[in-house]
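Letter by letter, the chains look like this.
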Amino acid sequence: MKVQAPTLRLAAVLAVLLAAHFWLRPAVFPGRFAPDFVLVALLFFAIRSRPGAGAVAGFLVGLLTDAVGPTTFGAAAFSLTIVGYAAGWLKAVVFPDNLLVTAVFVFAASWVRDLLELAASNALRSGAVGTQLLVLSPATALSTAAAAVVTLLLFRGWLRSAPAL
Amino acid sequence: MPIGAERYGSRADTLAFVACLVLSLVALALPESLRMPIAAALRRTALLPAVAIESQASASREQRQNTILLRAERDSLALAASQVPELEAENTQLRALLKLRARLGTGFVTAEVLHQTGLTDGLTMLLGAGRRQGIAPLSPVIAPSGLVGMVVAVDPHTSVVMAWTHPDFRASAMVEGGKIFGVVAARRGETAGEVMELRGVPYRDSLPAGTPVVTSGLGGVFPRGIPVGTVLGMLSESAGWERTYLLRPAAHPAQVTHVLVLSARLAGDSLEPAFDTLPAAPDTGEVEP
């Protein structure tokens, strides 16, 4: 099967985002509110693919995230499965190459991911949940949304021509 | 161009979503004896290149930050270096006289903390050192200022630490000198677990603010004498039974970048000499001539 050039361009953008997560983030953004480039990659993929593919991608990314902090194993897989599936559906109502829409979409997805992960890890009753959801999660979501906007600005041409998978 | 949703939603998509969701819930329900090996297998295979790249990136950032500092320190050290051999010899003699071991000896492994973006960062931490470097499960993890947590999973090149901020973390602690004992846990409901509790202090004992608290050595995991925190004040009391105190932690897991993982050899020993937390000699009322 011949792989089309737009598909390769999308794959290249996703690879750049993964490299940014594991190379650029520890080197440049060591703090607590570092952008989550993997989430951006997942959302960029999911919004350009079928809901099922988004869910499977979300599950796999979540499982790998869980492997790093195995005391809540499955929580990230659960939350990212839902986020990936929902992102696949949202392409019906979202313009994926619009900067403002992308920023709001990524911000909301990051915050919802945290909410679902807290719920899955049975931490919603903790007194710290308010601080997490009202201060820490929005700050991380903001930096992640900014990273998504920068990525879109840099690779707009490539992403615009990316196919529906 | 937005396209109608009916084109995308199919039975196969729904099935894939439900299957992933069910698998996630199964993963959540797995017992610890199963989920730890699965997580370890993922870290050793799929995550291995990513962790290696991340570790290298962290190291290069560290090197960049240290360069300026090192240049300034190098000049100061050059001056001080001329006095080092004499001071070192004197220091060794004094330590031998006092029968104190050299601070920690070689019984520890230094490790870099690879901070993650997930919610669990600060509760669990990934270290850039593992079994190959001599780390074993249940090894105590400390920072220069005090207790950080303990190792819960070990891979060849990485290991996972349960920090004291984790809801399941407990450590036996005492007031310096071994007079009053209690159990230390993270204070739930506080911002990111930035304070801890000292529970189970007998009702007859009271601790003034500022009292240092160290590990007691009970339980066999943490050696005696690792600084845990200082008393901020009393939190609650059960009449005639026990008191709970609020502690300011000695080390914040979310802020540490490097840690020391103690070897099992030291786990049954005391670290009071290393941290200078030896109890003061009892006051007998006698005056030396």
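Here the structure is a predicted model, which is why all the values come from computation and not from measurement.

Student: How would you explain the overall build of chain A if you had to name every residue and give the values?
Tutor: When helices and strands are tallied, chain A shows seven helices and zero strands. If you list the helices and strands of chain A from N to C, you get α-α-α-α-α-α-α. Within chain A, buried positions represent 54% of all 165 residues. Residue pairs in contact within chain A that sit at least 24 positions apart in sequence constitute 70% of those at least 6 positions apart.

Student: With reference to specific residues and values, describe the overall build of chain B.
Tutor: Counting its secondary structure elements, chain B contains six helices and twelve strands. A buried classification covers 37% of the 289 residues belonging to chain B. In chain B, 60% of the contacts between residues at least 6 apart in sequence involve partners at least 24 apart.

Student: How would you explain the sheet that holds strand β6 (residues 171-175) of chain B if you had to name every residue and give the values?
Tutor: All names here are of chain B. Reading around the circumference, β6-β7-β8-β11-β10-β9 is the order of the six strands in this closed barrel, with antiparallel pairing throughout. Geometrically, the sheet is characterised by an average inter-axis angle of 45° between neighbouring strands, direction not taken into account. Of the strand pairs in this sheet, strand β7 (residues 181-186) and strand β8 (residues 196-202) are connected by four bridges, and their pairing is antiparallel. Among the inter-strand pairings, V183 is bridged to a residue of β8, identified as R199.

Student: Now, about helix α5 (residues 99-120) of chain A: what can you tell me, with residues and values included?
Tutor: The first and last C-alpha atoms of α5(A) sit 31 Å apart over 22 residues, in line with the 32 Å expected at 1.5 Å per residue. Taken together, the buried positions of α5(A) are T102(A), F105(A), V106(A), F107(A), A109(A), S110(A), R113(A), D114(A), E117(A), L118(A) and A120(A). Buried-residue contacts for α5(A) involve α2 (37-46), α4 (75-90) and α6 (129-154) of chain A together with α1 (11-29) of chain B. Phi for N122(A), located one or two positions after α5(A), is positive at around 60°.

Student: Which residues make up the packing of α5(A) against α6(A), and what are the values?
Tutor: All names here are of chain A. In the contact formed by α5 and α6, the axes pass within 8 Å of each other and the chain directions differ by 145°. Our pair here, α5 against α6, has a crossing hand that is right-handed. Tallied by class, residues from the contact of α5 with α6 come to 16 nonpolar, six polar and one charged.

Student: Could you give an account of the sheet that holds strand β5 (residues 159-163) of chain B, naming the residues involved and the relevant values?
Tutor: Residue and element names in this part refer to chain B. In space, the six strands of this closed barrel follow the order β1-β2-β5-β4-β3-β12, with antiparallel pairing throughout. Direction aside, the axes of adjacent strands within the sheet are offset by 45° on average. Pairing of strand β4 (residues 146-154) with β5, which is carried by five bridges, proceeds in the antiparallel orientation. If you follow A153 over to β5, its bridge partner there is V160.

Student: Just give me the short version of unusual backbone geometry, but keep the residues and values in it.
Tutor: Positive phi values are uncommon outside glycine, yet L138(B) reaches one of about 70°. Looking at where L138(B) falls in the secondary structure, it is placed in the loop between β2 (124-127) and β3 (140-143).

Student: Got a sec to walk through the nonpolar core? Specific residues and values, please.
Tutor: Among the nonpolar cores identified, the biggest contains 108 residues, and V148(B) and V161(B) are the most heavily contacted of them. At twelve residues, α4(A) tops the list of elements feeding residues into this core. A domain split of this core shows at least three residues from each of domain 1 (31-103) and domain 2 (171-252) of chain B. The contact partners of V148(B), leaving out residues within four places of it in the chain, are V141(B), I142(B), A143(B), V161(B), A163(B), W164(B), A251(B), P253(B), V256(B) and V259(B).

Student: Describe the environment of A120(A), with residues and values.
Tutor: Inspection of the secondary structure assignment puts A120(A) in helix α5. Remark: the alpha-carbon pair of A120(A) and F78(A), spanning 42 residues in sequence, is separated by 7.2 Å.

Student: Outline the environment of M234(B), listing residues and values.
Tutor: Residue and element names in this part refer to chain B. Within the element layout of this structure, M234 appears in strand β10 (residues 227-238). Judged by the 16 C-beta atoms lying within 10 Å of it, M234 is partly exposed. Each C-alpha atom, one on M234 and one on A209, is 8.4 Å from the other, the two residues being 25 residues apart in sequence. In contact with M234, not counting residues within four places along its chain, are R243 and Y245.

Student: Describe the packing of helix α1 (residues 5-28) of chain A against α2(A), with residues and values.
Tutor: Residue and element names in this part refer to chain A. Two elements in contact, α1 and α2, have axes separated by 8 Å at closest approach and are oriented at 170°. One element, α1, and the other, α2, form an angle in the roughly antiparallel class. Where α1 approaches α2, its residues V13, L14, L17, L18, A20, H21 and R25 are matched on the opposing element by F37, V38, V40, A41, F44 and F45.

Student: Could you give an account of α6(A), with specific residues and numbers?
Tutor: All names here are of chain A. Taking 1.5 Å per residue as the helical rise, α6 with its 26 residues ought to reach 38 Å, and the 35 Å between its terminal C-alpha atoms agrees with that figure. When we look at burial in α6, the residues that qualify are Q132, S137, T140, A141, S143, T144, A145, A147, A148, T151 and L152. Summarising the contacts, the buried residues of α6 are in contact with α1, α2, α5 and α7 (156-160).

Student: Before we move on, can you summarise the environment of L63(A) with the specific residues and values?
Tutor: Mapping L63(A) onto the fold places it in helix α3 (residues 51-68). Using a count of 24 C-beta atoms within 10 Å as the deciding quantity, one classes L63(A) as buried. Separated by 17 residues in the primary sequence, L63(A) and L80(A) have C-alpha atoms spaced 9.0 Å apart. With sequence-adjacent residues up to four places away left out, L63(A) is seen in contact with A77(A) and L42(B).

Student: Provide a residue-level description of the pairing of strand β11 (residues 242-249) of chain B, including the pertinent values.
Tutor: Residue and element names in this part refer to chain B. What you see with β11 is a clean split: R243, Y245, L247 and P249 sit on the buried side and E242, T244, L246 and R248 on the side with no burial. Sheet topology places β8 next to β11; five bridges connect them, and they run antiparallel. Its bridge partner lying in β11, P202 is registered against E242. Direction of pairing for β10 relative to β11: antiparallel, over a ladder of eight bridges. Residue pairing in the sheet places G229 in a bridge with P249 of β11.

Conventions used here
- Residues numbered from 1 in each chain as written.
- Chains lettered and ligands numbered in written order.
- Predicted model: local features only at pLDDT ≥ 70, side-chain atom pairs only at ≥ 80, totals over all residues.
- Helix = DSSP H or I, 4+ residues; strand = E, 2+ residues; numbered from the N terminus.
- Buried ≥ 20, exposed ≤ 12 C-beta atoms within 10 Å, placed from the backbone.
- Contact = placed C-beta atoms within 7 Å.
- Pairing = 2+ DSSP bridges.
- Axes fitted to C-alpha atoms, helices over the stretch in contact; angles between N-to-C directions.
- Expected span 1.5 Å × (residues − 1).
- Left-handed = near helix turned anticlockwise from the far one by under 90°.
- Nonpolar A, V, L, I, M, F, W, Y, C, P; charged D, E, K, R; others polar.
- Core = buried A, V, L, I, M, F, W, Y, C linked by C-beta atoms within 7 Å.
- Domains from an automatic or database assignment.
- Parallel < 35°, antiparallel > 145°, perpendicular 65-115°, else oblique.

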